[in-house]
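Descriptive analysis of the structure
One-letter residues, chain by chain:
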Amino acid sequence: MVSGLETVTIQNRTCHIYKSSGQKSVSKDRRLPVFYWGVGESGRESVEIVAAYLEEQISKEQIPADGFILAAYESKCWNDDFSPWPAPPVFGKEAFGGKADSTLKWLTQHCIPYVEAKESEIARFSVGYSLAGLFSLWVYCECDDFAGAVSCSGSLWYEGWLDHAQRAAVCKDSDRYIYLSLGDKEEKTKNRRMAAVGDNTRQVYALLCEDQQNVKGVLEWNQGGHFAEPDLRVARGIGWILRHFDV
């Protein structure tokens, strides 16, 4: 069990909120990093894995001990909740409903006010894996209230996403942080649409990081395919943000 983790219901959604051991000692002059992570149902175990990894990194002084909050909210309909617009199936028969707007509305109107009720200075980051990794970047592009995003093995092959990213890649007026990662086998697939994930991820990194001022970003390559250690990939992404975050 990980101390500092509570599970609550916020406007009909389950949310697992972890407050790191160093949060109580956060300086009043420092913005508190808060990570909003979209997960599937029964996601508490994933949060425990990520929290344990980050606390271990803090104990080894690999990341600062200044405190952070991780709020992992569950999705009951993954293909709908995290897709920015409707799209046909890429495998099987389940299409994408394009209800990301509703998820973002819930985040901004219900989840964020609940999580940050007792906080003042905040640096907010969106986090996700796979389709939720696509959603995390879409949120960052759509909502100026986020200081960055963590997208691990993001579904950046999604129909229309690259064009959208090109239109949305505008300069921000404050420091931003983008962490992208992908497995080195993910683009080696017979599915033609999903095989575009490698090139699309490289292009999105260039658009959102290399071509932008005030952005610290990285594209890391992991060994393995899409389903190799997803929780640890997310943990490493959050850890990268915490190491590079400038108050």
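From a predicted model like this one, the values you see are computed outputs, not experimental measurements. (Residues numbered from 1 in each chain as written. Predicted model: local features only at pLDDT ≥ 70, side-chain atom pairs only at ≥ 80, totals over all residues. Heavy atoms only, no water.)

**Remarks on the packing of helix 5 (residues 161-168) against helix 6 (residues 197-210)**
In plain terms, the rule: Axis definition: a line fitted to C-alpha atoms, over the contacting stretch in the case of helices. Angles run 0 to 180 degrees between N-to-C directions. Helix and strand labels come from DSSP, where a helix needs a run of H or I of at least four residues and a strand needs a run of E of at least two; each type is numbered from the N terminus. Any angle that is under 35 degrees is reported as roughly parallel, and any over 145 degrees as roughly antiparallel; angles of 65 to 115 degrees are reported as roughly perpendicular and all others as oblique. Whether two residues touch is decided by their heavy atoms; if any such pair falls within 4.5 Å, the residues are in contact.
Close contact between helix 5 and helix 6 brings their axes to 10 Å; oriented N to C, the two are set at 5 degrees. Between helix 5 and helix 6, the interaxial angle falls into the category roughly parallel. The segment helix 5 lies against helix 6, with Trp161, Leu162, Ala165 and Gln166 engaging Asn200, Gln203, Val204 and Leu207.

**Some thoughts on helix 5**
This is how the line gets drawn: The buried label goes to any residue with under 20% of its type's maximum accessible area, the exposed label to any with over 50%, and the partly exposed label to all in between, with areas taken from a 1.4 Å probe on protein chains only. Regarding the arc, it is the one traced by the directions from the helix axis to the C-beta atoms.
Looking at helix 5, one finds that the buried residues are Trp161, Leu162, His164, Ala165 and Ala168. Along the long axis of helix 5, the arc covered by the buried residues comes to 160 degrees, so they all point the same way. Structurally, helix 5 contributes buried residues whose contacts are with helix 4 (131-142) and helix 6.

**Quick notes on helix 1 (residues 44-59)**
The following threshold applies: To estimate how far a helix should reach, multiply one less than its number of residues by 1.5 Å.
In a regular helix each residue adds 1.5 Å, so 16 residues correspond to 22 Å; helix 1 covers 22 Å between its end C-alpha atoms and thus fits that length. Every buried residue belonging to helix 1 is among Ser46, Val47, Glu48, Val50, Ala51, Tyr53, Leu54, Glu55, Gln57 and Ile58, and all of these are buried. Considering only its buried residues, helix 1 is in contact with strand 1 (5-10), strand 2 (13-19), strand 3 (32-39), strand 4 (69-74) and helix 7 (230-244). Glu61 occupies a position one or two residues after helix 1 and carries a positive phi of about 60 degrees.

**Looking at the pairing of strand 1**
Stated formally: Two strands pair if DSSP finds at least two bridges between them.
Both strand 1 and strand 2 contribute to a ladder of six bridges, which runs antiparallel. When the sheet's bridge partners are listed, Glu6 is paired in strand 2 with Ile17. Adjacent in sequence and paired antiparallel, strand 1 and strand 2 are bridged by two residues, among which Gln11 carries a positive phi angle near 50 degrees.

**With respect to the side chain of Glu116**
Quick reminder of the rule: Identification of polar contacts relies on pairs of N or O atoms within 3.5 Å, with a donor-acceptor requirement for protein atoms, meaning one able to donate a hydrogen and the other able to accept it, and with residues adjacent in sequence counted only if both atoms are side-chain atoms.
Residue position: Glu116 is located in the loop between helix 3 (100-115) and strand 5 (122-129). The class for Glu116 is buried, based on a relative accessible area of 11%. Side chain to side chain, Glu116 and Tyr36 meet in a polar contact 2.7 Å long. Contacts of Glu116, omitting those with residues within four sequence positions, involve Val34, Tyr36, Ile122 and Arg124.

**A look at the packing of aromatic side chains**
Operational definition: Any two of the Phe, Tyr and Trp rings considered here, Trp counted by its six-membered ring, make a pair once their centres fall within 6.5 Å; the pair's planes then place it as stacked at under 30 degrees, edge-to-face at over 60, or tilted in between.
Counted according to the given criterion, the structure contains 17 aromatic pairs. Judged by centre distance (6.5 Å) and plane angle (75 degrees), the rings of Tyr36 and Phe146 are edge-to-face. Of this pair, Tyr36 sits in strand 3 while Phe146 sits in the loop between helix 4 and strand 6 (148-152), and the two are 110 residues apart along the sequence. Accessibility assignment for this pair places Tyr36 and Phe146 in one class, buried.

**Quick look at the state of the cysteines**
Spelled out, the test is: Defined by distance alone, a disulfide is two cysteine sulfur atoms within 2.5 Å.
One pass over the full model with this rule turns up zero disulfides. For the unlinked cysteine Cys15, the closest cysteine sulfur is that of Cys111, found at 4.2 Å.

**Some points on the nonpolar core**
Rules: As used here, the term nonpolar core means buried Ala, Val, Leu, Ile, Met, Phe, Trp, Tyr and Cys residues forming a set that is joined through side-chain atoms within 4.5 Å.
In this structure, Tyr36, Trp161 and Val204 are the most contacted members of the largest nonpolar core, which totals 53 residues. For this core, the element with the highest residue contribution is helix 4, accounting for nine residues. If sequence neighbours within four positions are ignored, Val204 has contacts with Leu137, Leu156, Trp161, Leu162, Ala165, Leu180 and Cys209. By size, the runner-up hydrophobic cluster in this structure holds 33 residues, among which are Val2, Val39, Cys152 and Val234.

**As for the side chain of Arg124**
Structurally, Arg124 is set in strand 5. Engagement of the side chain of Arg124 in a polar contact is seen with the backbone oxygen of Asp145, the distance being 3.3 Å. With residues near it in sequence (within four places) discarded, Arg124 still touches Val34, Tyr36, Ile112, Glu116, Asp145, Phe146, Ala147 and Gly148.

**What about the pattern of salt bridges?**
Applied cut-off: Salt bridges are counted wherever a side-chain nitrogen of Lys or Arg sits within 4 Å of a carboxyl oxygen of Asp or Glu.
This model, assessed by the stated rule, comprises 10 salt bridges. A salt bridge links Asp144 to Arg176; the nearest nitrogen and oxygen atoms lie 3.3 Å apart. Placement of the pair is Asp144 in the loop between helix 4 and strand 6 and Arg176 in strand 7 (residues 176-183), with a sequence separation of 32 residues. On the basis of relative accessibility, which here comes to 47%, the residue Asp144 falls in the partly exposed class. The partner of Glu159 in a salt bridge is Arg193, with the nearest N and O atoms 3.8 Å apart. With Glu159 in the loop between strand 6 and helix 5 and Arg193 in the loop between strand 7 and helix 6, the pair connects residues that are 34 residues apart, well separated along the chain. Overlapping salt bridges, with partners in common, bring together Glu187, Asp199 and Arg202 in one network.

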